[in-house]
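Architecture at a glance
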Amino acid sequence: PMFVSKDRLEKEKDHVEGFAPEVAWVTKSGEGDLAAPIAVRPTSETIMYPAFADWIRSHRDLPLKLNQWSNVVRWEFKDPTPFLRTREFLWQGGHTAHASFE
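Here is a short report on the structure shown in this document. (Residues numbered from 1 in each chain as written. Predicted model: local features only at pLDDT ≥ 70, side-chain atom pairs only at ≥ 80, totals over all residues. Heavy atoms only, no water.)

Here we come to the pairing of strand β3 (residues 32-40). Across 3 bridges, the pairing between strand β1 (residues 3-5) and β3 is antiparallel. The residue of β3 that forms the bridge with F3 is V40. Where strand β2 (residues 25-29) lies against β3, 4 bridges are found, and the strand directions are antiparallel. Among the inter-strand pairings, V26 is bridged to a residue of β3, identified as I38. Between β2 and β3, which pair antiparallel and follow one another directly, the connecting turn spans 2 residues, one of which, G30, has a positive phi of 65 degrees. (Pairing = 2+ DSSP bridges. Helix = DSSP H or I, 4+ residues; strand = E, 2+ residues; numbered from the N terminus.)

Here we take up the sheet that holds β2. Read across the sheet, 3 strands follow the order β1-β3-β2 without closing on themselves; strand pairing throughout is antiparallel. The open sheet has two edge strands, β1 and β2, and neither has a second partner. Going from strand to strand, the sheet's axes swing by 50 degrees on average, the running direction of each strand aside. (Axes fitted to C-alpha atoms, helices over the stretch in contact; angles between N-to-C directions.)

Pasting the structure below:
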């Protein structure tokens, strides 16, 4: 999903802390205000890791190795330079879960 609820994002607050000022928030829909702000996806972890709980039911489901390409948005700088990097960019993420550290 392109949008992440505020609650979901706050569950990963330690991870998001470094770029929290860069998160773009949506507060309106059409003419009305949203009941709760939603973030335009700044990272994949807030979406992927809760899904692991649905996908992994036993040790037989491990290891789980996923490669994901998705758009993320970060308001990192005042004036983005096209062709170098814009506020929205394609991000590749590797997500894994293993039975042990080794």
